[in-house]
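Letter by letter, the chains look like this.
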Amino acid sequence: MKAMSPVTTDLQRDLQTSAPAAPTAAGEDRPSLIGLGREPLAAALADVGVPQGQTRMRSAQLWHWLYVRGVTDFDMITNISKDLRARLAETFALPRPEIVSEQISADGTRKWLLRFPPRGAGRPVEVETVYIPEESRGTLCLSSQVGCTLNCTFCHTGTQTMVRNLTSEEIVGQILLARDRLEDYPGRTPGHGNGTPPTGRLVSNIVMMGMGEPLYNFDNVKDALLIASDGDGIGLSRRRITLSTSGVVPMIARTGAEIGVMLAISLHAVRDDLRDELVPLNKRYPIAELLDACRAYHGLSNARRITFEYVMLKGVNDSLADARELVRLLRGIPSKINLIPFNPWPGSAYECSDWDQIERFADIVNAAGYASPIRTPRGRDILAACGQLKSESERLRIRERMALEAMIAG
Ligand code: SAH
Ligand code: SF4
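I will try to describe carefully the structure that is included in this document. Computed from a predicted structure; not experimentally measured.

**Considering the overall build of the protein chain**
- Tallying secondary structure elements over the protein chain gives 11 helices and 12 strands in all.
- If you take every contact in the protein chain between residues at least 6 apart in sequence, the share linking residues at least 24 apart comes to 70%.
- Carbon together with sulfur atoms contributes 51% to the accessible area of the protein chain, which is approximately 17400 Å² in total.

Right under this line is the structure:
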């Protein structure tokens, strides 16, 4: 979801200092129950003295309150005893990520810069989460890592030092935080403004397209997505969850078998020499191997296609010969193609292809039977694709501090 570019900020409603009503993880030393799978949750209940025969039933109750109702306070859980609620509250917490900034675009797109506390000896870390409302759905774009090790040359996240993997709690925390801020829980009034999509949910889709390579953080991403797709909890169908990878071939089969979500592949080039440059992981897992892994993807069919992402870089990968080769390469693989206008960032070596060229490229792709493949840029007025909000927010904070200092000095 990196198709947004920094343009104007005048319509921006920037809530830099907004604090969530829910407890945040900062300074919290009780372990969180968010992000635990069903079995670890039952084990946590056994630890606070719930008798073995009751742990299943109690953890099912808790699961509902945590993920369907989104409670952040054990006292709101009305169908368990006061005594058990007190024991849970003494031992555990239900925190949310701390909001560093929340920005709401004129088109309803929201971006959050979220801070998580240190794990072990590390420092607090910040990641981005983006919500994109459309008429028929609302998509939440989640981060999986702080930074990325893969250094794709067109990607801003790739220039940031990899700090660490996010935990399952932190990935699920992004979903819950977004639902809190959007009031996206049954029985609460949606705070969305554009009406609720026909799915009845504001967050109806999830894409793992924020910061990081999700298949380099497989276990945590798997735990988090199994929670997101659990029918008794957050309850998003696996068909509404898409995991995007730059092509970590050995993990693709496991993604299909163990998580079962939709797959998106960051292809971006149709020749190995160019893909080696744009997506250096291609040197390890070249295009032919990647496409073989796609052909073998679990459940692949015309109803469950793989999305191929293709960032449009002027004069680099956007020739009509490239378009024809793309169509040829994907023949026989049930696919969708997403052409993504390149979102430039300060210091990037590329330019976005001219709109005419994108359209000519798209015509070839369309003629081969792929429908409306150009991803529309969203949230233009609130800056930043994933990976860029963070640095922009640092800049804004510095600017604000300077203004404040000037005021004090004056
Ligand atoms: N690491 C994963 C998921 C995160 S990136 C991956 O690479 O697939 C999500 C998508 O945004 C990828 O397709 C990525 O190639 C694309 N992207 C990254 N930087 C971009 C930019 N500056 N402009 C447009 N798309 C970009
Ligand atoms: Fe990492 Fe994806 Fe960016 Fe490549 S495009 S550097 S894999 S986040």
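Past the structure itself, the notes keep going.
**Looking at the site of ligand 1**
- Taken together, 20 residues are adjacent to ligand 1, and Gly212, Ser244, Ser266, His268 and Asn343 come closest.
- Within the backbone of Gly212, an N or O atom sits 2.9 Å from a nitrogen atom of ligand 1.
- In this structure, an oxygen atom belonging to ligand 1 sits 2.6 Å away from a side-chain N or O atom of His268.
- Burial of ligand 1 by the surrounding chains reaches 96%, relative to a free accessible area of 530 Å².
- Secondary-structure elements contributing two or more residues to the shell around ligand 1 are strand 9 (241-245), strand 11 (306-312) and strand 12 (335-341).

**Overview of the packing of helix 2 (residues 55-69) against helix 4 (residues 168-182)**
- For the pair helix 2 and helix 4, interaxial distance at closest approach is 10 Å and the crossing angle is 60°. With respect to each other, helix 2 and helix 4 are oriented oblique. For the pair helix 2 and helix 4, contact is made by Leu66, Tyr67 and Val68 and by Val172, Leu176 and Arg179, respectively.
- For the contact of helix 2 with helix 4, the per-class residue count stands at 5 nonpolar, no polar and 1 charged.

**With respect to the packing of aromatic side chains**
- Following the criterion strictly, the structure yields 3 aromatic pairs and no others.
- Look at Trp63 and Tyr67: their rings are 4.9 Å apart centre to centre, the planes differ by 70°, and that puts the pair in the edge-to-face class. Linking Trp63 with Tyr67, this pair stays in helix 2, spanning 4 residues, or about one helical turn.
- Under the relative-accessibility criterion, Trp63 is labelled buried at 2%.
- A relative accessible area of 0% places Tyr67 in the buried class.
- For the pair Tyr310 and Phe361, a centre-to-centre distance of 5.2 Å together with 35° between the ring planes defines the contact as tilted. Here Tyr310, found in strand 11, pairs with Phe361, found in helix 10 (residues 355-367); they are 51 residues apart in sequence, far enough to count as distant. For the pair shown, Tyr310 and Phe361 are each scored as buried.
- The positively charged end of Arg38 is found above the aromatic ring belonging to Trp63, 4.7 Å away from the centroid.

**Regarding the nonpolar core**
- In terms of nonpolar packing, the biggest core is built from 104 residues, with Leu33, Tyr67, Leu88, Leu140, Phe154, Phe308 and Leu326 touching the most fellow members.
- Looking at which element gives the most residues to this core, the answer is helix 4, with 7 residues.
- A domain-level breakdown of this core finds at least three residues from each of domain 1 (29-94) and domain 2 (98-400).
- Beyond its immediate stretch of four places on either side in the chain, Tyr67 contacts Leu33, Ile34, Gly35, Leu36, Val172, Leu176, Arg179, Ile227, Gly233 and Ile234.

**Focus: helix 2**
- With 15 residues, helix 2 should cover 21 Å at 1.5 Å per step; its first-to-last C-alpha distance of 20 Å lies within 8% of that length.
- Buried within helix 2 we find Thr55, Arg58, Ser59, Gln61, Leu62, Trp63, Trp65, Leu66, Tyr67 and Val68.
- Buried residues along helix 2 sit against helix 1 (38-47), helix 3 (82-91), helix 4 and helix 5 (218-228).
- Just past helix 2, the residue Gly70 takes up positive phi, approximately 70°.

**Quick word on the pattern of salt bridges**
- In the structure shown here, the tally under the stated rule is 22 salt bridges.
- Arg85 is the salt-bridge partner of Asp75, the closest N and O atoms lying 3.5 Å from each other. Placement of the pair is Asp75 in the loop between helix 2 and helix 3 and Arg85 in helix 3, with a sequence separation of 10 residues.
- Take Arg85: its relative accessible area is 13%, and that puts it in the buried class.
- When the shortest N-O distance is used, the salt bridge between Asp354 and Lys314 registers 3.3 Å. Of the two residues, Asp354 sits in the loop between strand 12 and helix 10 while Lys314 sits in the loop between strand 11 and helix 9 (320-329), which places them 40 residues apart along the sequence.
- Taken together, the shared-partner salt bridges in this structure form one network comprising Arg119, Arg164, Glu169 and Glu170.

**With respect to the site of ligand 2**
- The local shell around ligand 2 consists of Cys148, Leu150, Asn151, Cys152, Cys155, Gly158, Gly212 and Ser246.
- In the shell around ligand 2, the residues fall into 4 nonpolar, 4 polar and no charged.

**Description of the environment of Glu102**
- Its place among the elements puts Glu102 in strand 2 (residues 98-104).
- Counting along the chain gives 10 residues from Glu102 to Trp112, while the straight-line C-alpha distance between them is 4.5 Å.
- Within the structure, the side chain of Glu102 is placed 2.6 Å from the side chain of Trp112, a separation counted as a polar contact.

**Concerning unusual backbone geometry**
- Although it is not a glycine, Asn151 adopts a positive phi angle of roughly 50°.
- With respect to the helices and strands, the residue Asn151 is situated in the loop between strand 6 (145-146) and strand 7 (164-165).
- Residue classification places Asn151 among the partly exposed residues on the basis of a relative accessible area of 43%.
- Within the chain, Glu183 stands out as a residue other than glycine whose phi angle is a positive 55°.
- Among the structural elements, Glu183 can be located in the loop between helix 4 and strand 8 (205-208).

Parameters and conventions
- Residues numbered from 1 in each chain as written.
- Chains lettered and ligands numbered in written order.
- Predicted model: local features only at pLDDT ≥ 70, side-chain atom pairs only at ≥ 80, totals over all residues.
- Heavy atoms only, no water.
- Helix = DSSP H or I, 4+ residues; strand = E, 2+ residues; numbered from the N terminus.
- Contact = heavy atoms within 4.5 Å.
- Areas by Shrake-Rupley, 256 points an atom, 1.4 Å probe, with all protein chains shown as cover.
- Near = heavy atom within 4 Å.
- Polar contact = N/O pair within 3.5 Å; in protein donor to acceptor, adjacent residues only side chain to side chain.
- Axes fitted to C-alpha atoms, helices over the stretch in contact; angles between N-to-C directions.
- Parallel < 35°, antiparallel > 145°, perpendicular 65-115°, else oblique.
- Nonpolar A, V, L, I, M, F, W, Y, C, P; charged D, E, K, R; others polar.
- Phe/Tyr/Trp six-rings, centres within 6.5 Å; stacked < 30°, edge-to-face > 60°.
- Buried < 20%, exposed > 50% of the residue type's maximum accessible area, 1.4 Å probe, protein only.
- Lys NZ or Arg CZ within 6 Å of the ring centre and 35° of its normal.
- Core = buried A, V, L, I, M, F, W, Y, C linked by side-chain atoms within 4.5 Å.
- Domains from an automatic or database assignment.
- Expected span 1.5 Å × (residues − 1).
- Salt bridge = Lys/Arg side-chain N within 4 Å of Asp/Glu carboxyl O.

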